[in-house]
Amino acid sequence: MSTTVETASAAARTAPAAVIVAIDGPSGTGKSSTSKAVAAQLGLSYLDTGAQYRAITWWMLNNGIDVQNVAEVATAADKPVIVSGTDPAAPTITVDGEDAAGPIRTPEVTSRVSAVSAVPEVRARITELQRSIAAGAEVGIVVEGRDIGTTVLPDADLKIFLTASPEARAARRSGELKGSDLATTKEALIKRDTADSSRKTSPLAKADDAVEVDTTELTLQQVIECVVTLVEEKRAAK
Ligand SMILES: Nc1ncnc2c1ncn2[C@@H]1O[C@H](COP(=O)(O)OP(=O)(O)O)[C@@H](O)[C@H]1O
Ligand SMILES: Nc1ccn([C@H]2C[C@H](O)[C@@H](COP(=O)(O)OP(=O)(O)O)O2)c(=O)n1
């Protein structure tokens, strides 16, 4: 046996296996804030899959694609080059080399993203990208979205499904969007969640083996501590 092979197998015996964490749930439940903090605290990578769906939507809107036309969206789905930076302290997203972090958060993108992300060709393309990023995370990764535990990473070591009352979620979102009306924010949020939960291809859903955490009455810090404890338990058992 060569020294290289011996060294590699010794490393495999001692290095802890990468830990994969899937965090799903509707809008405003705290997925992004929790995932970033947990990843940073545990030295893991972080992937915001919603940002990827927003990025492809932004590209379609900029490139004259009629986002209500499923065939047109499907044909264009593999055109933009989307790159996600997975450092939880400074996550990034670029489309065709251009920084898209700001423009993907506009109300226009937010109101169109559910239609674009319901198209199967878009989901297939983005899912493949997500799986390859997760496979490349050496220490492990926290991936947040809507279908991570059910479809993208069904073998994740830990699956969390965050929930919160529509009132709490709208109040949180309203706090971020300066000058926005609470009732309008709540209506838009419920409309998007309904669209995301009722689409045919990998809808927003809790995986059977996910741990559900209702964050309505919890502080963000309490949610972070809860998830960190669950990840540490999984790591210890690996
Ligand atoms: N448990 C919580 N209590 C109060 N505010 C929270 C809580 N979790 C998240 N937030 C705040 O709510 C807003 C939305 O959180 P975010 O993490 O973006 O949710 P999501 O990714 O699920 O849409 C942020 O401003 C965040 O700081
Ligand atoms: N895994 C995912 C993640 C997001 N999406 C879609 C559905 C969501 O409404 C949009 C935007 O997701 P994002 O996480 O940015 O939404 P928030 O505004 O943070 O709640 O993307 C999806 O279909 N599948």
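What you are looking at is a predicted structure, and each value in this text was computed from that prediction instead of being measured.

Reading guide: rules and limits
Along each chain, residues carry numbers from 1 onward, in the same order as the chain's sequence is written. For naming, the first written chain is A and the first written ligand is 1, with later ones following in the order written. Given that the model is predicted, a residue must reach a pLDDT of at least 70 before its local features are reported, and side-chain atom pairs must reach 80 or more before they are shown or counted; all residues, however, enter totals for whole chains, interfaces and linings. Side-chain figures throughout are based on the complete set of non-hydrogen atoms in the structure, without hydrogens or water. Proximity is defined per residue: if any heavy atom of the residue lies within 4 Å of a molecule or strand, that residue is considered near it. As used in this structure description, the phrase polar contact means that two N or O atoms lie within 3.5 Å; if the pair is within protein, one of them must be able to donate a hydrogen and the other to accept it, and residues adjacent in sequence are counted only when both atoms belong to side chains. All accessible areas in this document rest on Shrake-Rupley with a 1.4 Å probe, and a residue is counted as covered only by the protein chains that are shown. Burial status follows relative accessibility: with a 1.4 Å probe on protein chains alone, a residue under 20% of its type maximum counts as buried, one over 50% as exposed, and anything between as partly exposed. A run of DSSP states H or I qualifies as a helix once it reaches four residues; a run of E qualifies as a strand once it reaches two. Both are numbered from the N-terminal end. For this analysis, residues touch if any pair of their heavy atoms sits within 4.5 Å. UniProt positions are given in the numbering used here, feature names are shortened, and annotations may be inferred rather than shown by experiment. The axes used here are C-alpha line fits, helices contributing only the stretch in contact, and every angle between their N-to-C directions lies in the interval 0 to 180 degrees. Oblique is the label for every angle not falling under 35 degrees (roughly parallel), over 145 degrees (roughly antiparallel), or within 65 to 115 degrees (roughly perpendicular). It is the rotation of the near helix from the far one that decides the hand of a crossing: anticlockwise by less than a right angle makes it left-handed, clockwise makes it right-handed. Paired strands are those between which DSSP finds at least two bridges. The salt bridge criterion pairs a side-chain nitrogen of Lys or Arg with a carboxyl oxygen of Asp or Glu, the two atoms within 4 Å.

**Observations regarding the site of ligand 1**
The environment of ligand 1 is formed by 15 residues, the closest being Gly28, Lys31, Ser33, Arg173 and Leu218. Between ligand 1 and Gly28, the relevant distance is 2.8 Å, taken from an oxygen atom to a main-chain nitrogen or oxygen of the residue. Measuring from an oxygen atom of ligand 1, one finds a side-chain N or O atom of Arg173 at 2.4 Å. Protein burial of ligand 1: of its 560 Å² of free accessible surface, 78% is covered by the chains.

**Overview of the site of ligand 2**
Around ligand 2, 18 residues are found, and the nearest of them are Ser27, Arg54, Arg123, Asp196 and Arg199. Between an oxygen atom of ligand 2 and a side-chain N or O atom of Arg54, the distance comes to 2.7 Å. One nitrogen or oxygen atom from the side chain of Arg173 is found 3.0 Å from an oxygen atom belonging to ligand 2. The fraction of the free accessible surface of ligand 2 (530 Å²) that becomes covered by protein chains is 97%.

**A closer look at helix α8 (residues 166-176)**
Listed in full, the buried residues belonging to α8 are Ala168, Arg169, Ala170 and Ser174. For α8, the elements touching its buried residues are α9 (182-198).

**A few points about the UniProt feature "binding site: ATP" (unreviewed entry) in the protein chain**
In the UniProt entry, the feature "binding site: ATP" (unreviewed entry) is given for Gly25, Pro26, Ser27, Gly28, Thr29, Gly30, Lys31, Ser32 and Ser33. Structurally, the position occupied by Gly30 is in the loop between β1 (19-24) and α2 (31-42). Assessed through its relative accessible area of 17%, Gly30 is described here as buried. With sequence-adjacent residues up to four places away left out, Gly30 is seen in contact with Leu162 and Arg172. Given a relative accessible area of 28%, Ser32 falls into the partly exposed group. With near-sequence residues (within four places) excluded, Ser32 lies in contact with Tyr46, Asp48 and Glu144.

**With respect to the packing of α2 against helix α10 (residues 220-237)**
Running from amino to carboxyl end, α2 crosses α10 at an angle of 50°, the nearest separation of the two axes being 9 Å. Judged on the interaxial angle alone, α10 and α2 are oblique. Crossing of α2 over α10 shows right-handed handedness. Contacts between α2 and α10 involve Ser33, Thr34, Ala37, Val38, Gln41 and Leu42 on the former and, on the latter, Leu220, Val223, Ile224, Val227, Val228, Val231, Glu232 and Arg235.

**Describing the sheet that holds strand β7 (residues 158-163)**
Strands sit in the order β2-β6-β1-β7-β8 across an open sheet of five strands; the sheet is parallel. Of all strands in the sheet, those with a lone pairing partner are β2 (45-48) and β8 (211-214), marking the two edges. On average, adjacent strands in this sheet sit at an angle of 20° to one another, irrespective of strand direction. Both β7 and β8 contribute to a ladder of four bridges, which runs parallel. By the bridge assignment for β8, Leu162 is matched with Val213. In this fold helix α3 (residues 49-62) packs onto β2 and β6 (140-145), with an angle of close to 40° to the strand it touches most, β2. Sheet contacts for α10: β1, β7 and β8; angle to β7, the most-contacted strand, approximately 165°.

**Some points on the sheet that holds strand β5 (residues 98-99)**
Read from one edge to the other, the open sheet built from three strands follows the order β3-β4-β5, with strand pairing classed as antiparallel. In this open sheet, the two edge strands, each paired with only one partner strand, are β3 (82-85) and β5. Pairing analysis gives two bridges linking strand β4 (residues 92-95) to β5, with the strands arranged antiparallel. Among the inter-strand pairings, Val95 is bridged to a residue of β5, identified as Glu98. Together, β3, β4 and β5 form the strand contacts of α3, whose direction differs from that of β4 by roughly 25°.

**Description of the pattern of salt bridges**
Enumeration according to the criterion identifies eight salt bridges in this entry. Note that Lys238 is salt-bridged to Asp157, the shortest N-O span being 2.8 Å. With Lys238 in the segment after α10 and Asp157 in the loop between α7 (148-152) and β7, this pair connects stretches of sequence that are 81 residues apart. Owing to a relative accessible area of 24%, Asp157 belongs among the partly exposed residues under this scheme. Linking Asp196 and Arg199 is a salt bridge whose minimum nitrogen-to-oxygen distance equals 3.9 Å. The class for Asp196 is buried, based on a relative accessible area of 5%. One connected set of salt bridges, linked through shared partners, spans Arg146, Asp196 and Arg199.

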